[in-house]
Amino acid sequence: MTRLLRPRRVSLRARLTLIYGGLFLAAGVVLLGVTYALFNQQLVGGGLKIFARSMKTDGPAAGPPENQVITGDGRVLTNESAQKWVQDERDRLNAAATASLVTQGGLALLVVGGAAAGFGWLAAGRVLAPLHRVTDTARRIASAPAADRGLHERIALRGPDDEVKDLADTFDTMVERLDRSFDGQRRFVANASHELRTPLTLGRALVEVAMHRRTASEDVKQLGENLLEINTRHERLITGLLLLASSENEITERRPVDLSDVVDHVVGQTAREAEAAGVVVRQQPAPAPTTGDALLLERLVHNLVENGIRHNTPDNDGGGWVQVTCHTRDTGDDDGRAEVEVEVSNTGPAVPPYELPALFEPFRRLGTDRLVTAKGAGLGLSIVRSIAHAHGGDVTAHPREGGGLTVTVTLPAHAE
(Lines give C-alpha, C1' and ligand atoms only; values in the text may rest on other atoms or scores of the structure.)
Protein backbone atom coordinates (compact mmCIF):
# COMPACT_ATOMS: atom_id res chain seq x y z
CA MET A 1 0.00 0.00 0.00
CA THR A 2 1.40 3.34 -1.02
CA ARG A 3 1.91 5.73 1.85
CA LEU A 4 1.02 9.36 1.31
CA LEU A 5 3.91 11.70 2.04
CA ARG A 6 2.99 14.74 4.07
CA PRO A 7 4.26 18.00 2.63
CA ARG A 8 7.05 19.57 4.62
CA ARG A 9 5.65 22.12 7.01
CA VAL A 10 6.84 25.70 6.76
CA SER A 11 7.03 27.40 10.13
CA LEU A 12 5.15 30.57 10.89
CA ARG A 13 8.45 32.34 11.54
CA ALA A 14 9.70 31.44 8.05
CA ARG A 15 6.43 32.57 6.47
CA LEU A 16 6.54 35.91 8.28
CA THR A 17 10.15 36.38 7.19
CA LEU A 18 9.31 35.57 3.57
CA ILE A 19 6.35 37.94 3.61
CA TYR A 20 8.37 40.74 5.19
CA GLY A 21 11.36 40.25 2.87
CA GLY A 22 9.10 39.96 -0.19
CA LEU A 23 7.26 43.17 0.64
CA PHE A 24 10.55 44.97 1.26
CA LEU A 25 11.98 43.82 -2.09
CA ALA A 26 8.75 44.75 -3.92
CA ALA A 27 8.81 48.22 -2.37
CA GLY A 28 12.51 48.56 -3.25
CA VAL A 29 11.90 47.57 -6.88
CA VAL A 30 9.08 50.14 -7.13
CA LEU A 31 11.29 52.80 -5.60
CA LEU A 32 14.14 51.94 -7.95
CA GLY A 33 11.81 52.11 -10.95
CA VAL A 34 10.42 55.48 -9.93
CA THR A 35 13.94 56.81 -9.38
CA TYR A 36 15.03 55.60 -12.81
CA ALA A 37 12.00 57.18 -14.50
CA LEU A 38 12.57 60.55 -12.83
CA PHE A 39 16.30 60.45 -13.57
CA ASN A 40 15.73 59.56 -17.23
CA GLN A 41 13.15 62.33 -17.57
CA GLN A 42 15.53 64.93 -16.21
CA LEU A 43 18.39 63.66 -18.34
CA VAL A 44 16.43 63.71 -21.58
CA GLY A 45 14.39 66.82 -20.92
CA GLY A 46 17.28 68.94 -19.70
CA GLY A 47 19.60 67.99 -22.56
CA LEU A 48 23.34 68.47 -22.79
CA LYS A 49 24.36 71.92 -23.96
CA ILE A 50 27.92 72.78 -24.80
CA PHE A 51 28.81 76.24 -25.99
CA ALA A 52 32.07 77.44 -27.42
CA ARG A 53 32.61 81.11 -27.69
CA SER A 54 35.22 82.80 -29.83
CA MET A 55 38.24 83.91 -28.02
CA LYS A 56 40.00 86.47 -30.13
CA THR A 57 43.32 87.42 -28.80
CA ASP A 58 46.40 88.69 -30.45
CA GLY A 59 48.58 85.84 -29.18
CA PRO A 60 49.07 82.36 -30.59
CA ALA A 61 46.76 80.84 -27.91
CA ALA A 62 43.73 82.36 -29.46
CA GLY A 63 40.50 80.32 -28.90
CA PRO A 64 38.55 78.56 -31.62
CA PRO A 65 36.24 80.41 -33.92
CA GLU A 66 32.54 80.72 -33.13
CA ASN A 67 30.36 77.49 -33.22
CA GLN A 68 33.40 75.31 -32.78
CA VAL A 69 34.05 72.68 -30.06
CA ILE A 70 37.34 71.46 -28.81
CA THR A 71 37.11 67.86 -27.53
CA GLY A 72 39.15 66.35 -24.77
CA ASP A 73 41.61 64.79 -27.20
CA GLY A 74 42.29 68.17 -28.88
CA ARG A 75 40.03 67.81 -31.93
CA VAL A 76 38.22 70.87 -33.17
CA LEU A 77 34.65 70.21 -34.32
CA THR A 78 32.42 72.63 -36.12
CA ASN A 79 28.73 72.78 -36.99
CA GLU A 80 27.23 69.32 -37.64
CA SER A 81 30.23 67.44 -36.29
CA ALA A 82 29.94 69.31 -33.04
CA GLN A 83 26.22 68.57 -32.77
CA LYS A 84 26.79 64.86 -33.47
CA TRP A 85 29.54 64.69 -30.90
CA VAL A 86 27.30 66.36 -28.32
CA GLN A 87 24.49 63.86 -29.06
CA ASP A 88 26.87 60.91 -28.73
CA GLU A 89 28.20 62.21 -25.45
CA ARG A 90 24.67 62.65 -24.16
CA ASP A 91 23.72 59.09 -25.16
CA ARG A 92 26.85 57.69 -23.60
CA LEU A 93 26.22 59.56 -20.36
CA ASN A 94 22.59 58.40 -20.35
CA ALA A 95 23.59 54.76 -20.87
CA ALA A 96 26.30 54.92 -18.20
CA ALA A 97 23.96 56.53 -15.68
CA THR A 98 21.21 54.02 -16.44
CA ALA A 99 23.54 51.04 -16.10
CA SER A 100 24.94 52.41 -12.88
CA LEU A 101 21.49 53.07 -11.46
CA VAL A 102 19.99 49.70 -12.41
CA THR A 103 23.01 47.46 -11.73
CA GLN A 104 24.45 49.02 -8.65
CA GLY A 105 21.03 50.02 -7.34
CA GLY A 106 19.78 46.44 -7.85
CA LEU A 107 22.79 44.99 -6.04
CA ALA A 108 22.34 47.44 -3.22
CA LEU A 109 18.64 46.54 -3.07
CA LEU A 110 19.47 42.81 -2.81
CA VAL A 111 22.01 43.41 -0.07
CA VAL A 112 19.69 45.64 1.92
CA GLY A 113 16.78 43.24 1.27
CA GLY A 114 18.81 40.32 2.62
CA ALA A 115 19.72 42.33 5.69
CA ALA A 116 16.06 43.31 6.12
CA ALA A 117 15.02 39.65 5.85
CA GLY A 118 17.60 38.74 8.51
CA PHE A 119 16.29 41.42 10.85
CA GLY A 120 12.77 40.24 10.02
CA TRP A 121 13.73 36.69 11.01
CA LEU A 122 15.07 37.94 14.34
CA ALA A 123 12.02 40.15 14.92
CA ALA A 124 9.63 37.32 14.07
CA GLY A 125 11.47 34.99 16.45
CA ARG A 126 11.20 37.49 19.24
CA VAL A 127 7.51 38.08 18.59
CA LEU A 128 6.75 34.35 18.37
CA ALA A 129 8.80 33.37 21.42
CA PRO A 130 5.74 33.52 23.75
CA LEU A 131 3.83 31.27 21.34
CA HIS A 132 6.69 28.75 21.45
CA ARG A 133 6.45 28.81 25.23
CA VAL A 134 2.72 28.10 25.04
CA THR A 135 3.32 25.27 22.57
CA ASP A 136 6.11 23.71 24.65
CA THR A 137 3.96 23.72 27.79
CA ALA A 138 0.99 22.20 25.96
CA ARG A 139 3.25 19.53 24.42
CA ARG A 140 4.68 18.58 27.84
CA ILE A 141 1.17 18.24 29.27
CA ALA A 142 -0.04 16.22 26.26
CA SER A 143 2.97 13.89 26.38
CA ALA A 144 2.62 13.18 30.11
CA PRO A 145 2.48 9.45 30.90
CA ALA A 146 -1.10 9.83 32.14
CA ALA A 147 -3.92 12.18 31.30
CA ASP A 148 -3.98 13.63 34.82
CA ARG A 149 -0.22 14.13 35.06
CA GLY A 150 1.44 17.40 34.11
CA LEU A 151 -1.69 19.49 34.66
CA HIS A 152 0.05 21.34 37.49
CA GLU A 153 2.21 23.19 34.96
CA ARG A 154 1.36 26.78 34.07
CA ILE A 155 2.72 29.12 31.43
CA ALA A 156 2.55 32.23 33.65
CA LEU A 157 3.56 34.43 30.74
CA ARG A 158 4.92 37.86 31.65
CA GLY A 159 4.99 40.73 29.24
CA PRO A 160 2.77 43.31 27.58
CA ASP A 161 -0.98 42.81 27.76
CA ASP A 162 -1.52 41.72 24.17
CA GLU A 163 -3.22 38.89 22.26
CA VAL A 164 -0.46 36.37 23.02
CA LYS A 165 -0.71 36.99 26.76
CA ASP A 166 -4.49 36.61 26.54
CA LEU A 167 -3.97 33.23 24.86
CA ALA A 168 -1.49 32.11 27.55
CA ASP A 169 -3.77 33.22 30.39
CA THR A 170 -6.75 31.44 28.81
CA PHE A 171 -4.69 28.27 28.46
CA ASP A 172 -3.62 28.46 32.12
CA THR A 173 -7.27 28.84 33.17
CA MET A 174 -8.30 25.82 31.11
CA VAL A 175 -5.50 23.64 32.53
CA GLU A 176 -6.33 24.74 36.06
CA ARG A 177 -9.95 23.67 35.63
CA LEU A 178 -8.88 20.32 34.19
CA ASP A 179 -6.50 19.82 37.11
CA ARG A 180 -9.29 20.44 39.60
CA SER A 181 -11.55 18.07 37.69
CA PHE A 182 -9.00 15.23 37.75
CA ASP A 183 -8.28 15.87 41.43
CA GLY A 184 -11.98 15.52 42.14
CA GLN A 185 -12.11 12.29 40.16
CA ARG A 186 -9.15 10.83 42.05
CA ARG A 187 -10.70 11.77 45.40
CA PHE A 188 -14.03 10.28 44.36
CA VAL A 189 -12.48 6.95 43.33
CA ALA A 190 -10.48 6.78 46.56
CA ASN A 191 -13.49 7.60 48.74
CA ALA A 192 -15.87 5.37 46.79
CA SER A 193 -13.48 2.44 47.07
CA HIS A 194 -13.82 2.65 50.86
CA GLU A 195 -17.35 3.94 51.35
CA LEU A 196 -18.96 1.47 48.94
CA ARG A 197 -17.09 -1.62 50.03
CA THR A 198 -17.51 -1.13 53.79
CA PRO A 199 -21.31 -1.53 54.02
CA LEU A 200 -21.22 -4.52 51.68
CA THR A 201 -18.58 -6.19 53.85
CA LEU A 202 -20.63 -5.50 57.00
CA GLY A 203 -23.78 -6.78 55.30
CA ARG A 204 -22.06 -9.98 54.25
CA ALA A 205 -20.76 -10.53 57.79
CA LEU A 206 -24.23 -10.02 59.33
CA VAL A 207 -25.88 -12.37 56.85
CA GLU A 208 -23.26 -15.07 57.45
CA VAL A 209 -23.66 -14.74 61.23
CA ALA A 210 -27.42 -15.09 60.92
CA MET A 211 -27.11 -18.11 58.61
CA HIS A 212 -24.73 -19.99 60.87
CA ARG A 213 -26.73 -19.61 64.04
CA ARG A 214 -27.86 -22.90 65.53
CA THR A 215 -31.44 -21.72 65.69
CA ALA A 216 -31.49 -20.63 62.05
CA SER A 217 -34.27 -22.31 60.08
CA GLU A 218 -34.01 -23.56 56.52
CA ASP A 219 -35.94 -20.53 55.30
CA VAL A 220 -33.43 -18.20 56.97
CA LYS A 221 -30.52 -20.12 55.45
CA GLN A 222 -32.11 -20.00 51.98
CA LEU A 223 -32.78 -16.29 52.40
CA GLY A 224 -29.17 -15.79 53.51
CA GLU A 225 -27.85 -17.56 50.44
CA ASN A 226 -29.97 -15.34 48.21
CA LEU A 227 -28.78 -12.24 50.03
CA LEU A 228 -25.17 -13.35 49.77
CA GLU A 229 -25.61 -13.89 46.03
CA ILE A 230 -27.06 -10.41 45.65
CA ASN A 231 -24.29 -9.00 47.84
CA THR A 232 -21.68 -10.75 45.68
CA ARG A 233 -23.17 -9.24 42.55
CA HIS A 234 -23.10 -5.78 44.14
CA GLU A 235 -19.46 -6.28 45.12
CA ARG A 236 -18.67 -7.33 41.59
CA LEU A 237 -20.53 -4.31 40.23
CA ILE A 238 -18.67 -1.87 42.49
CA THR A 239 -15.34 -3.50 41.70
CA GLY A 240 -16.08 -3.20 37.99
CA LEU A 241 -17.07 0.47 38.30
CA LEU A 242 -13.92 1.34 40.22
CA LEU A 243 -11.77 -0.62 37.80
CA LEU A 244 -13.48 1.08 34.86
CA ALA A 245 -12.82 4.51 36.40
CA SER A 246 -9.15 3.74 37.04
CA SER A 247 -8.53 2.06 33.66
CA GLU A 248 -9.68 5.15 31.75
CA ASN A 249 -6.30 6.72 32.49
CA GLU A 250 -3.25 5.96 30.41
CA ILE A 251 -0.72 3.62 32.00
CA THR A 252 2.07 5.50 33.76
CA GLU A 253 4.47 2.64 34.48
CA ARG A 254 4.92 0.03 31.78
CA ARG A 255 6.69 -3.25 32.35
CA PRO A 256 7.27 -6.18 30.01
CA VAL A 257 4.41 -8.71 30.09
CA ASP A 258 4.06 -11.91 28.06
CA LEU A 259 0.38 -12.43 27.30
CA SER A 260 0.90 -16.16 26.90
CA ASP A 261 1.70 -16.36 30.63
CA VAL A 262 -1.37 -14.25 31.41
CA VAL A 263 -3.60 -16.51 29.30
CA ASP A 264 -2.27 -19.65 30.99
CA HIS A 265 -2.83 -18.13 34.43
CA VAL A 266 -6.38 -16.94 33.67
CA VAL A 267 -7.42 -20.28 32.16
CA GLY A 268 -6.28 -21.97 35.36
CA GLN A 269 -8.22 -19.48 37.50
CA THR A 270 -11.47 -19.96 35.57
CA ALA A 271 -11.22 -23.76 35.27
CA ARG A 272 -13.59 -24.42 38.21
CA GLU A 273 -16.23 -21.99 36.91
CA ALA A 274 -15.96 -23.47 33.42
CA GLU A 275 -16.34 -26.99 34.77
CA ALA A 276 -19.41 -26.02 36.76
CA ALA A 277 -20.96 -24.45 33.66
CA GLY A 278 -20.11 -27.44 31.48
CA VAL A 279 -17.87 -25.37 29.22
CA VAL A 280 -14.52 -26.54 27.88
CA VAL A 281 -11.80 -23.88 27.77
CA ARG A 282 -9.09 -24.46 25.16
CA GLN A 283 -5.97 -22.38 24.83
CA GLN A 284 -3.31 -21.95 22.17
CA PRO A 285 -0.82 -19.55 23.68
CA ALA A 286 2.19 -18.36 21.73
CA PRO A 287 4.82 -15.81 22.80
CA ALA A 288 3.17 -12.39 22.77
CA PRO A 289 5.40 -9.86 24.56
CA THR A 290 3.98 -6.43 25.29
CA THR A 291 4.35 -3.72 27.94
CA GLY A 292 1.89 -2.38 30.47
CA ASP A 293 0.26 -3.06 33.81
CA ALA A 294 0.24 -6.81 34.45
CA LEU A 295 -2.80 -6.67 36.76
CA LEU A 296 -4.88 -4.72 34.25
CA LEU A 297 -3.85 -7.02 31.40
CA GLU A 298 -4.79 -10.01 33.55
CA ARG A 299 -8.18 -8.40 34.18
CA LEU A 300 -8.59 -7.85 30.43
CA VAL A 301 -8.02 -11.53 29.60
CA HIS A 302 -10.04 -12.65 32.64
CA ASN A 303 -13.06 -10.61 31.57
CA LEU A 304 -12.92 -12.03 28.05
CA VAL A 305 -12.70 -15.64 29.24
CA GLU A 306 -15.30 -15.09 31.97
CA ASN A 307 -17.63 -13.45 29.46
CA GLY A 308 -17.21 -16.44 27.13
CA ILE A 309 -18.00 -18.90 29.94
CA ARG A 310 -21.02 -17.13 31.38
CA HIS A 311 -22.67 -16.25 28.08
CA ASN A 312 -22.33 -19.68 26.55
CA THR A 313 -24.66 -22.26 25.07
CA PRO A 314 -23.83 -25.66 23.54
CA ASP A 315 -23.08 -25.71 19.83
CA ASN A 316 -24.45 -28.15 17.28
CA ASP A 317 -22.17 -30.88 18.61
CA GLY A 318 -23.73 -30.58 22.05
CA GLY A 319 -20.86 -28.98 23.96
CA GLY A 320 -20.00 -25.42 24.82
CA TRP A 321 -16.43 -24.23 24.52
CA VAL A 322 -14.18 -21.16 24.78
CA GLN A 323 -11.09 -20.83 22.61
CA VAL A 324 -8.26 -18.51 23.78
CA THR A 325 -5.30 -17.76 21.52
CA CYS A 326 -2.52 -15.18 21.57
CA HIS A 327 0.30 -14.49 19.14
CA THR A 328 2.51 -11.79 17.63
CA ARG A 329 1.93 -10.50 14.13
CA ASP A 330 3.65 -8.03 11.81
CA THR A 331 1.64 -4.94 10.89
CA GLY A 332 3.22 -4.74 7.43
CA ASP A 333 4.19 -1.07 7.83
CA ASP A 334 7.50 0.26 6.62
CA ASP A 335 8.60 1.07 10.18
CA GLY A 336 8.60 -2.63 11.05
CA ARG A 337 6.22 -2.35 14.01
CA ALA A 338 4.66 -5.50 15.42
CA GLU A 339 1.49 -6.15 17.41
CA VAL A 340 0.26 -8.82 19.78
CA GLU A 341 -3.25 -10.21 19.62
CA VAL A 342 -5.46 -11.98 22.14
CA GLU A 343 -8.47 -13.67 20.56
CA VAL A 344 -11.28 -15.26 22.55
CA SER A 345 -14.03 -17.19 20.75
CA ASN A 346 -16.98 -18.93 22.36
CA THR A 347 -20.15 -20.77 21.51
CA GLY A 348 -23.31 -18.97 22.49
CA PRO A 349 -26.48 -17.33 21.25
CA ALA A 350 -26.51 -15.62 17.87
CA VAL A 351 -25.47 -11.98 18.11
CA PRO A 352 -26.83 -9.54 15.52
CA PRO A 353 -23.99 -7.45 14.01
CA TYR A 354 -25.81 -4.20 14.72
CA GLU A 355 -25.73 -4.91 18.49
CA LEU A 356 -21.94 -5.36 18.67
CA PRO A 357 -21.03 -1.67 19.30
CA ALA A 358 -23.51 -1.51 22.20
CA LEU A 359 -21.87 -4.48 23.96
CA PHE A 360 -18.79 -2.36 24.70
CA GLU A 361 -20.84 0.31 26.49
CA PRO A 362 -21.25 0.12 30.30
CA PHE A 363 -24.35 -1.71 31.57
CA ARG A 364 -25.24 -2.94 28.10
CA ARG A 365 -26.09 -6.61 27.74
CA LEU A 366 -27.38 -8.74 24.92
CA GLY A 367 -31.12 -8.98 24.54
CA THR A 368 -33.36 -8.33 27.53
CA ASP A 369 -30.97 -9.56 30.21
CA ARG A 370 -31.61 -6.86 32.82
CA LEU A 371 -32.53 -8.92 35.90
CA VAL A 372 -30.82 -8.66 39.26
CA THR A 373 -29.73 -12.26 38.95
CA ALA A 374 -28.13 -11.65 35.57
CA LYS A 375 -24.84 -13.34 34.83
CA GLY A 376 -22.92 -10.11 34.77
CA ALA A 377 -23.11 -6.41 35.52
CA GLY A 378 -22.66 -5.38 31.91
CA LEU A 379 -19.18 -3.94 32.52
CA GLY A 380 -16.93 -6.75 31.29
CA LEU A 381 -16.40 -5.69 27.67
CA SER A 382 -16.41 -1.98 28.53
CA ILE A 383 -13.56 -2.61 30.97
CA VAL A 384 -11.76 -4.61 28.29
CA ARG A 385 -12.04 -1.69 25.88
CA SER A 386 -10.84 0.84 28.48
CA ILE A 387 -7.80 -1.27 29.40
CA ALA A 388 -6.94 -1.84 25.73
CA HIS A 389 -7.14 1.91 24.97
CA ALA A 390 -5.08 2.73 28.08
CA HIS A 391 -2.34 0.45 26.70
CA GLY A 392 -2.46 2.05 23.25
CA GLY A 393 -4.40 -0.84 21.70
CA ASP A 394 -7.87 -1.58 20.39
CA VAL A 395 -10.58 -4.24 20.62
CA THR A 396 -12.94 -5.57 17.96
CA ALA A 397 -15.68 -8.19 17.93
CA HIS A 398 -17.62 -10.08 15.27
CA PRO A 399 -20.27 -12.81 15.45
CA ARG A 400 -19.27 -16.43 15.04
CA GLU A 401 -20.98 -18.57 12.48
CA GLY A 402 -23.36 -20.76 14.45
CA GLY A 403 -23.60 -18.38 17.42
CA GLY A 404 -21.30 -16.75 19.90
CA LEU A 405 -18.64 -14.08 19.58
CA THR A 406 -15.03 -13.70 18.60
CA VAL A 407 -13.37 -10.80 20.44
CA THR A 408 -9.88 -9.69 19.38
CA VAL A 409 -7.66 -7.36 21.42
CA THR A 410 -4.66 -5.77 19.69
CA LEU A 411 -1.80 -4.25 21.67
CA PRO A 412 1.63 -2.87 20.69
CA ALA A 413 4.36 -5.50 20.86
CA HIS A 414 7.38 -5.09 23.09
CA ALA A 415 10.62 -4.74 21.16
CA GLU A 416 13.28 -6.96 22.66
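Presented here is an overview of the structure given in this document. (Residues numbered from 1 in each chain as written. Predicted model: local features only at pLDDT ≥ 70, side-chain atom pairs only at ≥ 80, totals over all residues. Heavy atoms only, no water.)

## A word on the overall build of the protein chain
Turning to step 1, where the next piece is worked out: Each helix and strand in the protein chain was counted, giving 10 helices and 9 strands.
Turning to step 2, where the next piece is worked out: Taken over 416 residues, the protein chain has a buried fraction of 32%.
Turning to step 3, where the next piece is worked out: A fraction of 67% describes how many contacts in the protein chain between residues 6 or more apart in sequence connect residues 24 or more apart.
Turning to step 4, where the next piece is worked out: For the protein chain, the exposed surface amounts to about 26700 Å²; the carbon and sulfur share of it is 57%. (Helix = DSSP H or I, 4+ residues; strand = E, 2+ residues; numbered from the N terminus. Buried < 20%, exposed > 50% of the residue type's maximum accessible area, 1.4 Å probe, protein only. Contact = heavy atoms within 4.5 Å. Areas by Shrake-Rupley, 256 points an atom, 1.4 Å probe, with all protein chains shown as cover.)

## A few points about empty space enclosed by the protein
Turning to step 1, where the next piece is worked out: If you walk through the whole model with that rule in mind, you get 1 cavity of 30 Å³ or more.
Turning to step 2, where the next piece is worked out: What the largest cavity holds in volume is close to 40 Å³.
Turning to step 3, where the next piece is worked out: Residue lining of the largest cavity: L304, N307, G308, V344, N346, L381, L405 and V407, and that is the complete set.
Turning to step 4, where the next piece is worked out: Taken together, the elements giving at least two residues each to the lining of the largest cavity come down to α8 (294-310), β7 (338-346) and β9 (405-412). (1 Å grid on protein atoms, 1.4 Å probe; cavity = no way out; pocket = protein on both sides within 12 Å on 5 of 7 lines; lining within 4 Å. Points joined across faces, edges and corners; volume = space filled by probe spheres on them.)

## A word on the nonpolar core
Turning to step 1, where the next piece is worked out: Of all hydrophobic cores here, the largest spans 39 residues; its most connected members are L259, L300, V301, L304 and V409.
Turning to step 2, where the next piece is worked out: Among the elements that take part in this core, α8 stands out by supplying 7 residues, more than any other.
Turning to step 3, where the next piece is worked out: Of all hydrophobic cores here, the second largest spans 10 residues; its members include I141, L157, A168 and V175. (Core = buried A, V, L, I, M, F, W, Y, C linked by side-chain atoms within 4.5 Å.)

## As for the packing of aromatic side chains
Turning to step 1, where the next piece is worked out: This model, assessed by the stated rule, comprises 0 aromatic pairs.
Turning to step 2, where the next piece is worked out: The positively charged end of R282 is found above the aromatic ring belonging to W321, 4.7 Å away from the centroid. (Phe/Tyr/Trp six-rings, centres within 6.5 Å; stacked < 30°, edge-to-face > 60°. Lys NZ or Arg CZ within 6 Å of the ring centre and 35° of its normal.)

## Quick look at the pattern of salt bridges
Turning to step 1, where the next piece is worked out: Summed over the entire model, instances satisfying the criterion amount to 9 salt bridges.
Turning to step 2, where the next piece is worked out: Among the ionic pairs, D169 bridges to K165, the shortest N-O distance being 3.2 Å. One end of the pair is D169 and the other is K165, both in helix α3 (residues 163-195) and 4 residues apart, which spans about a single turn.
Turning to step 3, where the next piece is worked out: Residue classification places K165 among the buried residues on the basis of a relative accessible area of 19%.
Turning to step 4, where the next piece is worked out: A salt bridge links R310 to E273, with the nearest nitrogen and oxygen atoms 2.9 Å apart. Residue R310 is located in helix α8, and its partner E273 is located in helix α7 (residues 271-277); the two are separated by 37 residues in the primary sequence. (Salt bridge = Lys/Arg side-chain N within 4 Å of Asp/Glu carboxyl O.)

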